[in-house]
Each structure stands twice: as structure tokens, then as C-alpha cells.
Amino acid sequence: GLPGGHYQPLTREQVDNLHEAALSVLEKTGFSYEAGLDETIALVEEFGMQVDRGQSRIYFPRDKIMEQVNKAPHGVILYSRDGENDLHLEDDRVYLGTGGAAIKILDLETGEVRHTTLRDLYDLGRLVDQLDNIHFFLRPCIPKDIPEALYDENVFYACLRATAKHIMAGVNDVDGFHKMLDIASRIAGNLENLKAQPFVSVIASFAISPMRLCTHSTRIMQEAARHQIPVALSCAPMAGVTSPITMAGTLVQTHAEQLAGIAICQMIHPGAPVLYGGIPGRANLWNLGYQGGSVECGMMNAAIHQLANHVKVPNYNSSGLTDAKIPDAQAGWEKAMTT
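These lines cover the structure that appears in this document, whether it is placed above or below. If you're wondering where the values come from, they're calculated on a predicted model, not measured in any experiment.

Turning our attention to the packing of aromatic side chains. The final tally for this structure, using the stated rule, is 1 aromatic pair. For the pair phenylalanine 31 and phenylalanine 60, a centre-to-centre distance of 6.3 Å together with 85 degrees between the ring planes defines the contact as edge-to-face. With a gap of 29 residues between them, phenylalanine 31 in strand β2 (residues 31–33) and phenylalanine 60 in the loop between β4 (57–59) and α3 (62–69) connect regions that are remote in the sequence. A residue is classified by how much of its surface remains accessible, and phenylalanine 31, at 0% relative accessible area, is buried. Under the relative-accessibility criterion, phenylalanine 60 is labelled buried at 1%.

Right, dumping it as C-alpha cells:
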């Protein structure tokens with residue numbers, strides 16, 4: 001990896017204050033949850049969390065939640081299949097990959113914008129396979145030319161065919177997770193080999209900001225923890241819309257959401273490999289659209305690494321976003337500066 005951690009927007013005192021504020025939010029305000037999470041609710045109660053079923057809310061006592069968070073591995077290795085691009089996630093090492101879930105692409109042959117296809121995903125994977133400075137392949141687009149019911153197995157199959165670098169993607173549901181697990185286990189030889197050197201990982205957007213457990217994604221997150229497949233705990237609060245408008249307030253909420261996700265994974269399987277996946281953004285208050293290329297987005301995502309380091313959990317987050325609609329000077333500037 002590349003040496004990182006040079007830019008630290010938060011002082012040590014500010015990191016401590018944000019952490020304590022997040023613990024207070026979890027303890028006093030708590031987490032709401034969608035229907036269908038009875039198993040999760042019973043689990044958190046078993047580990048000392050307080051549940052108000054009438055209000056559909058979980059309260060996390062600070063000592064109880066940190067007891068679980070401290071069980072998370074301080075380092076996680078995301079393996080490649082050829083051993084040449086293993087990602088040792090620890091300290092201030094930085095690895096760059098693709099990202100997103102685009103449903104449209106600028107066709108280089110016609111110059112027109114069109115829906116993305118499975119072939120696009122494969123071609124992008126082949127490109128990443130040859131780019132030395134792109135270290136992993138996070139599925140960057142959604143194939144719109146196949147039925148949604150066939151999405152998960154086709155996405156992972158296309159990615160695994162395209163590159164030997166580490167593959168990361170979301171899945172639609174627990175059934176999709178098991179389809180991915182079956183394909184990866186066959187390639188690895190068996191499930192135990194895959195657990196020993198996981199060359200795939202999943203993204204679970206378990207938190208609906210602000211502070212609400214999503215049923216489908218929470219189940220996926222838990223299933224990944226059970227099978228010791230690394231899981232990036234994605235939450236993406238947007239300052240001014242789904243989180244406080246201040247950067248400090250958004251970071252408190254993001255950190256609280258992450259602590260809850262990390263704790264639940266460790267309740268499922270102590271030592272489960274997880275990535276602190278806070279990707280705070282901000283809203284354009286003129287039209288309430290997402291503003292990924294903003295200065296604040298870059299600052300908050302840099303701060304995420306400091307908060308993740310504070311609880312000694314490796315992190316996954318975003319850079320290289322832009323608000324430009326074409327690959328122009330604005331796009332280059334915003335991508336370069338946030339990275």
C-alpha cells in the first residue's frame with residue numbers, strides 16, 4: 001500500500017470528543033430498526049443492549065458496545081487470487097480501487113450516455129487488472145441487461161473472470177450472498193480455503209441514515225460475519241439532509257452508526273473481519289442533490305480514517321468523486337484533491 005495518514009483534519013482532542021459524543025448518542029438516542037429483525041433484536045438483548053419494542057429502538061450502553069467493538073480485528077487482509085495484490089489493511093496503509101454503483105456509462109465509441117451492461121463490468125475489470133495503481137476491483141457499475149434475480153451471481157462471476165485482484169461488491173439479499181459464496185468457494189477449492197484467504201468481500205449498507213437498521217442489509221452483514229467473509233459496513237449520511245449540516249455533527253452520527261454495526265458483527269462472531277465503512281457526504285442545499293466533489297466531503301472522509309484508527313478497525317471510504325457531468329478539468333481537480 002501507499003503511505004497515508006499525512007492529512008489529519010482532526011486534532012487528538014477532537015477525535016476524543018467526537019467518539020464520546022457518538023457513545024452518548026448510542027446510549028441516549030439509540031438506533032431504530034425496521035420490521036423483520038427479531039433475531040438481531042434478541043441477539044443485542046442477550047449482550048446487554050436495551051430494547052424498546054414499542055418504539056422499535058435499541059439503546060447501546062457505552063461500556064457494552066465498546067466491549068464488542070474491541071473484539072474486532074485491528075488488521076484485515078483482503079486477499080488477491082494470485083497473491084500479488086493482497087491488501088494488508090492496518091495502520092496508515094492506503095489502497096485505491098474502483099467504486100460506486102453506476103447505472104449509466106459514457107460510451108467511448110459513440111460519445112452517448114447509455115445504460116451499463118454486464119460486458120461493461122467485465123471490460124472495466126480487465127482494465128483494472130492491468131493498472132498497477134488500482135489495487136482492488138469494487139464493482140463500479142450495475143448491469144442493466146440482465147434480470148435482477150440473476151444479478152448477484154453474474155456480477156461476481158464477471159468480476160472474478162476479469163481480474164485476480166480482490167473483488168468487492170454488494171449483494172441484493174442473503175440468497176445472493178450464498179450464491180456468491182458458492183462461486184468463490186468453488187474457485188478456492190472449498191469454503192474453509194476461502195475463509196482462510198478471502199479474495200472476495202461484501203458491502204452491506206446496514207444503516208439507513210439517520211441511525212436506523214435496514215432489514216435486508218443487516219441480515220447480509222450478519223451472514224458475512226457468520227462465514228468470516230470481510231464486510232464493509234457502509235453508511236452514507238448526507239450533511240444537511242440525513243445528518244446534521246455541520247461536519248462535526250455528521251461525523252458524530254457516522255461514528256455512532258459504525259460502532260453499532262461493528263458491535264453487532266462481533267456479537268455474531270467474535271473476531272469477524274469488518275471494515276469501518278463510513279462515507280459521509282453533503283447535500284447541495286440549492287437542490288438537495290448529493291455533492292461528492294465538495295471540499296467538505298474530502299475533509300470528512302479523511303477524518304473517517306482518524307475515527308476508525310481511534311477504535312483500531314481498518315476503514316473503507318470514498319475519494320475521487322466529482323460533481324462534474326463529463327470528464328473535464330473540474331472532474332480532474334475534484335478527483336485528485338479528494339484522493
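Before going further, it helps to spend a moment on the packing of helix α4 (residues 118–130) against helix α5 (residues 151–162). Contact pair α4 / α5: the axes reach a minimum separation of 8 Å and the direction vectors enclose 30 degrees. Put simply, α4 runs roughly parallel to α5. Here the hand of the crossing between α4 and α5 comes out right-handed. Within the contact between the two elements, α4 uses Leu118, Leu121, Tyr122, Gly125, Arg126 and Asp129 and α5 uses Asn154, Val155, Ala158, Cys159, Arg161 and Ala162.

Here we take up helix α9 (residues 247–268). In this model α9 runs 32 Å from its N-terminal to its C-terminal C-alpha over 22 residues, within 8% of the 32 Å that 1.5 Å per residue would give. By the criterion of burial, α9 is predominantly enclosed, with 20 of the 22 residues buried.

Below, the discussion takes up unusual backbone geometry. Following serine 209, the chain continues to proline 210 via a peptide bond in cis, the omega torsion being 5 degrees. Following the sequence through the fold, proline 210 ends up in the loop between β12 (200–204) and β13 (212–213). Located in the positive-phi region is serine 56, a residue other than glycine, with phi close to 50 degrees. Along the polypeptide, serine 56 turns up in the loop between β3 (50–52) and β4. With a phi close to 60 degrees, methionine 211 is a non-glycine residue in the positive phi region. Residue placement: methionine 211 occurs in the loop between β12 and β13.

So, how was this worked out
Residues numbered from 1 in each chain as written. Predicted model: local features only at pLDDT ≥ 70, side-chain atom pairs only at ≥ 80, totals over all residues. Heavy atoms only, no water. Phe/Tyr/Trp six-rings, centres within 6.5 Å; stacked < 30°, edge-to-face > 60°. Helix = DSSP H or I, 4+ residues; strand = E, 2+ residues; numbered from the N terminus. Buried < 20%, exposed > 50% of the residue type's maximum accessible area, 1.4 Å probe, protein only. Axes fitted to C-alpha atoms, helices over the stretch in contact; angles between N-to-C directions. Parallel < 35°, antiparallel > 145°, perpendicular 65-115°, else oblique. Left-handed = near helix turned anticlockwise from the far one by under 90°. Contact = heavy atoms within 4.5 Å. Expected span 1.5 Å × (residues − 1).

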